Amino acid sequence: KRKELWDEKKDIELDSQMRKALAKEIIENKTLRKEVIAFPERFIELFFVIVDKRKQVVPFFLNEVQREFADTLNHCISEFKAGRLARVRILILKGRQQGFTSFITAYQLACSMLRKNFEGYTLADVTSNATAIFDNKAKFPKNQLPELLKPTEQFNNKKQLKFSVLNSTWEVGTATKNVGRSRTVNFFHGSEAAFWEVPMSDIQAALGEALTKDCIEIYETTANGFNDYKDMWDSGVYINCFYEWWKTDEYAQAFESKVCEDDFKKLVSENAEWIGERIRWLLEKGVSVSRCYWYYKKYQGYIDKDIIKQEYPCTPEEAFLMSGRPVFDLSAIVRRIADLREKYKEQPYREGCFCFEWHNPDTQDFIMAGQPAEEFG
């Protein structure tokens, strides 16, 4: 009903009245209260607002990738409670500005206002991002809530919210070597984890026993080459979630004119360069024309054309490889991996490496000879 009203009127004052009416309903409706306690994302869509990319205050309705991730998270929680999953540990690999930090912060905020003895903790890569997360993604939506729903605050400072009656708290900090000691955390969020200046092993050692056995651990980031995050991705310990850029609804663009449409069709049918091959590949995968055109316009806007592969990767391999600036033909590697995965799907596959020797070991100018290393398959 809230979304129907917003889609019809696009009036934030009218939406505020709607949220006040919903607040009265949730206070009186025990069944609804149980539902939002179990599924905090529904509390978000009922009551939260957010500042969008146009700097407008709008209702916080989940986008496609946020909703997909919420479903994944709920499935993991269900599997954990049933004893089929030892820990809820999730890695998110993503493109630019798909809304994961906003959603995970809102989710923790909702938990801190709905559940007793909740302790959420977010680590950002740098102090300025930690401040932005607290001010823009937590404090602002909390302050916009109907008064009926605001819990009694014990304190509210630049990095922590604590609600006295519920004995619940949420805090944001910056990734440092000794972070997280003397805590008992049941929801941990690592934001832009691949860009932490401190090694991931130091952070995990510092957190140590702070994370409870039922703690939800989520690390989300854009890729940053072959570093600790890539090791975590390959470890098999975590649930890996990659979200392609085209799953974000707003990443689509209509043709400005018939001339633009004709030029794009010509690109798709005739262009032999990388971008032509990439657009054809995307269309073959079922990505819509409007999203492919958005991707093409984004590509055109970059001086360094390779940036598109880093900021809006199409596969996990492309994300890690491109952000690490490899010397090999990235497009060929990514295309080959994607084709093999599509061809063999559920069948097991092997990974290996090559043994080689340098023509000149001192300068390492080029490889003289190489052969598959048998011990790696």
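Above this text you will find the structure in question.
Residues numbered from 1 in each chain as written. Predicted model: local features only at pLDDT ≥ 70, side-chain atom pairs only at ≥ 80, totals over all residues. Heavy atoms only, no water.

Colleague: How do you make sense of the overall build of the protein chain when you look at a structure like this?
Modeller: Broken down by element type, the protein chain carries 15 helices and 12 strands. Counting the 377 residues in the protein chain, one finds 45% classified as buried. Here the analysis covers contacts within the protein chain between residues at least 6 apart in sequence; of these, 67% occur between residues at least 24 apart. Of the roughly 20500 Å² of accessible surface on the protein chain, 50% is carried by carbon and sulfur atoms. (Helix = DSSP H or I, 4+ residues; strand = E, 2+ residues; numbered from the N terminus. Buried < 20%, exposed > 50% of the residue type's maximum accessible area, 1.4 Å probe, protein only. Contact = heavy atoms within 4.5 Å. Areas by Shrake-Rupley, 256 points an atom, 1.4 Å probe, with all protein chains shown as cover.)

Colleague: Is there a simple way to think about the pattern of salt bridges in this case?
Modeller: A side chain with one charge can pair with a side chain of the opposite charge if their charged atoms come near. Tallied over the entire structure, the rule returns 27 salt bridges. Where Glu 68 meets Lys 247, a salt bridge forms, and the shortest distance between an N and an O atom there is 3.2 Å. Taken as a pair, Glu 68 in helix α5 (residues 64-81) and Lys 247 in the loop between β10 (239-242) and α10 (258-270) lie far apart in primary sequence, 179 residues in all. Assessed through its relative accessible area of 28%, Glu 68 is described here as partly exposed. Across the pair Lys 150 and Glu 147 runs a salt bridge whose closest N-O atoms are separated by 2.9 Å. Residue class for Lys 150 comes out partly exposed when judged on its relative accessible area of 27%. Classification of Glu 147 by relative accessible area gives exposed; the value is 60%. (Salt bridge = Lys/Arg side-chain N within 4 Å of Asp/Glu carboxyl O.)

Colleague: Even after reading the chapter, I still don't get unusual backbone geometry, so can you show me in this structure?
Modeller: Negative phi values dominate among residues other than glycine, just as trans dominates among peptide bonds. In this structure, Lys 10 is a non-glycine residue whose phi angle is positive, near 50°. Relative to the elements of secondary structure, Lys 10 occurs in the loop between α1 (2-9) and α2 (12-28). In this structure, Asn 117 takes a positive phi of about 60° despite not being glycine. For Asn 117, a relative accessible area of 49% translates into the label partly exposed.

Colleague: Help me understand helix α12 (residues 289-301) in this model?
Modeller: Each α-helix turn comprises 3.6 residues. Residues three or four places apart therefore point the same way. Spanning 13 residues, α12 covers 18 Å between terminal C-alpha atoms, matching the ideal 18 Å at 1.5 Å per step. Of all the residues in α12, the buried ones are Arg 291, Cys 292, Tyr 293, Trp 294, Tyr 295, Tyr 296 and Tyr 299. Of the surrounding secondary structure, the elements contacted by the buried residues of α12 are α5, α10, α11 (274-284) and α13 (307-311). (Expected span 1.5 Å × (residues − 1).)

Colleague: Would you mind showing me how to read the pairing of strand β3 (residues 88-93) here?
Modeller: Looking along a regular strand, one sees side chains alternate from face to face of the sheet. When you tally the buried positions in β3, you get 5 out of 6 residues, the bulk of the element. With 4 bridges joining them, β3 and β10 adopt parallel strand pairing. Pairing of Leu 91 across the sheet is with Asn 240, part of β10. (Pairing = 2+ DSSP bridges.)

Colleague: Quick question: what am I supposed to make of the packing of α10 against α12 here?
Modeller: In helix packing, the relevant descriptors are the interaxial angle and the interaxial distance, both defined with respect to the helix axes. At a closest axis distance of 12 Å, the pairing of α10 and α12 adopts a crossing angle of 85°. By the angle class used here, α10 and α12 are roughly perpendicular. Contacts between α10 and α12 involve Cys 260, Phe 264 and Leu 267 on the former and, on the latter, Val 289, Cys 292, Tyr 293 and Tyr 296. Each residue belonging to the contact of α10 with α12 can be placed in one class, and the counts come to 7 nonpolar, no polar and no charged. (Axes fitted to C-alpha atoms, helices over the stretch in contact; angles between N-to-C directions. Parallel < 35°, antiparallel > 145°, perpendicular 65-115°, else oblique. Nonpolar A, V, L, I, M, F, W, Y, C, P; charged D, E, K, R; others polar.)

Colleague: Could you clarify how one ought to interpret the environment of Gln 108 in this entry?
Modeller: Tracing the chain through its elements places Gln 108 in helix α6 (residues 100-114). On the basis of relative accessibility, which here comes to 0%, the residue Gln 108 falls in the buried class. When the C-alpha atoms of Gln 108 and Gly 120 are compared, they prove to be 6.1 Å apart, with 12 residues separating the residues in sequence. Excluding its chain neighbours within four sequence positions, the residues that come into contact with Gln 108 are Phe 118, Gly 120, Tyr 121, Thr 122, Trp 170, Phe 187 and His 189.

Colleague: Is there a simple way to think about the packing of aromatic side chains in this case?
Modeller: How two aromatic rings sit relative to each other is given by the distance of their centres and the angle of their planes. The full count for this structure, using the stated rule, is 25 aromatic pairs. On the numbers, 5.1 Å between centres and 50° between planes, the contact of Phe 43 with Phe 47 is tilted. Highlighted residues: Phe 43 and Phe 47, both in helix α4 (residues 40-47), separated by 4 residues, approximately one helical turn. One exposure class covers both Phe 43 and Phe 47, and it is buried. (Phe/Tyr/Trp six-rings, centres within 6.5 Å; stacked < 30°, edge-to-face > 60°.)

Colleague: It is not clear to me how α5 should be interpreted in this structure. Could you clarify?
Modeller: Here α5 is 18 residues long and its end C-alpha atoms lie 26 Å apart, about the 26 Å a rise of 1.5 Å per residue gives. The complete set of buried residues in α5 reads Val 65, Gln 66, Phe 69, Ala 70, Leu 73, Asn 74, Cys 76, Ile 77 and Glu 79. Packed against the buried residues of α5 are α4, β3, α6, β9 (211-221) and β10. Where α5 begins, the capping side chain belongs to Asn 63, and its oxygen is found 3.2 Å from the backbone nitrogen of Val 65. Looking at the residues trailing α5, positive phi occurs at Gly 83, about 85°. (Polar contact = N/O pair within 3.5 Å; in protein donor to acceptor, adjacent residues only side chain to side chain.)

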